[in-house]
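Secondary and tertiary structure notes
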Amino acid sequence: MPTLSIHFDPAVLAHLVKAGGDDTVHVTLSLGGGDRIGTPAAPAVPHGPLADLMKAGLLAEGAVLAFHQRRAGRQGRAVVTGDGQLIVDGQAAVFPSPSKAAEAITGNVINGWTLWQLPDGRTLDDLRRDLAQGRHGG
C-alpha cells in the first residue's frame, strides 16, 4: 500500500481557522509534482510588511517563526503565508504584521520584528537589516 502525504498550503489553514463551527469548508485534492491535474491556482503575491523580505528571498512561504519569553513564561509559533501574513498557533485570525501577531500572544503592544525568530536564531529585524545592506538570497 502506498503512503499518502497531504500538505496544506498555509492559506488553506488560515481559511480553516477562520471558518465557524457551522461552516462547510470544501477542499479539493490534486496530484502534486509533474502529475498535476487541472489548472494550478495562481501563486500568492506577498504584500504588507513582510513582502520585501519575501521578494528578496530572505523569508519564504511556510517559514516557521517562534519566540520564547522566559521571564514572562510566554512562547509563540507562527507560519508565514504566501501573501506575507502570519498564522499564529492557537489564534483564529491571520495577522498582517509581525507586531500584531506577537501582540495576539503577549497581550501587549510589542515589536514583533525583534521578537519573532527563524529556527537559526535570526530575527525578522536581522533579515530587514540584511535587506537594507543588500545582503539577500534572491
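One structure accompanies this document, and this report is about it. Being a predicted model, the structure only gives us computed values, none of them experimental. (Residues numbered from 1 in each chain as written. Predicted model: local features only at pLDDT ≥ 70, side-chain atom pairs only at ≥ 80, totals over all residues. Heavy atoms only, no water.)

One can find Asp125 in helix H5 (residues 124–132). Of the polar contacts made by the side chain of Asp125, one reaches the side chain of Arg129; its length is 2.7 Å. The contacts of Asp125, once residues within four sequence positions are left out, are Trp113 and Thr114. (Helix = DSSP H or I, 4+ residues; strand = E, 2+ residues; numbered from the N terminus. Polar contact = N/O pair within 3.5 Å; in protein donor to acceptor, adjacent residues only side chain to side chain. Contact = heavy atoms within 4.5 Å.)

Okay, H5 next. Within H5, the full set of buried residues consists of Leu124, Asp125, Leu127 and Asp130. On its buried side, H5 packs onto helix H2 (51–55), strand E1 (64–69), helix H3 (98–106) and helix H4 (112–115). Residue Gly134 follows H5 closely and has a positive phi angle near 80 degrees. (Buried < 20%, exposed > 50% of the residue type's maximum accessible area, 1.4 Å probe, protein only.)

Across all of its chains, the model carries five salt bridges by this definition. Here Asp89 makes a salt bridge to Arg77, at a shortest N to O gap of 3.2 Å. A residue pair is termed long-range when its members are at least 10 positions apart, and Asp89 in the loop between strand E3 (86–88) and strand E4 (94–95) and Arg77 in strand E2 (residues 74–80) qualify at twelve residues. Overall, the relative accessible area of 44% leaves Asp89 in the partly exposed class. Across the pair Asp125 and Arg128 runs a salt bridge, and its minimum N-O distance is 3.0 Å. Here Asp125 and its partner Arg128 are both found in helix H5, three residues apart, which amounts to about one turn of the helix. Using a relative accessible area of 17% as the deciding quantity, one classes Asp125 as buried. Among the residues examined, Arg128 registers a relative accessible area of 35% and is labelled partly exposed. (Salt bridge = Lys/Arg side-chain N within 4 Å of Asp/Glu carboxyl O.)

As a further point, take the environment of Arg128. The spatial distance from the C-alpha of Arg128 to the C-alpha of Leu50 is 9.1 Å, given a sequence separation of 78 residues. Leaving out residues up to four positions away in the same chain, Arg128 has contacts with Leu53 and Trp113. Among the polar contacts made by the side chain of Arg128, one reaches the side chain of Asp125 at a distance of 3.0 Å.

Bringing the nonpolar core into the picture now. One finds Leu59, Leu65, Trp116 and Leu124 to be the most contacted residues of the largest nonpolar core, which totals 22 residues. Residue assignment for this core shows that the elements contributing at least two residues are H2, E1, E2, E3, H3, H4 and H5. Discounting chain neighbours no more than four positions away, the residues touching Leu124 are Leu50, Leu53, Leu59, Leu65, Pro98, Gly112, Trp113 and Trp116. (Core = buried A, V, L, I, M, F, W, Y, C linked by side-chain atoms within 4.5 Å.)

Here we take up the packing of aromatic side chains. Each aromatic ring pair is summarised here by two numbers: the centre-to-centre distance and the angle between the ring planes. Here the structure, examined in full by the defined rule, presents one aromatic pair. Considering the side-chain rings of Phe67 and Trp116, the 5.0 Å spacing of their centres and the 75 degrees angle between planes classify their relative orientation as edge-to-face. In this pair, Phe67 is assigned in strand E1 and Trp116 in the loop between H4 and H5, connecting sequence segments 49 residues apart. Grouping residues by exposure puts Phe67 and Trp116 together as buried. In this structure, Arg128 is placed above the aromatic ring of Trp113, and the distance from its NZ or CZ to the ring centre is 3.9 Å. (Phe/Tyr/Trp six-rings, centres within 6.5 Å; stacked < 30°, edge-to-face > 60°. Lys NZ or Arg CZ within 6 Å of the ring centre and 35° of its normal.)

Don't take any of this as a statement about function, it's just geometry.
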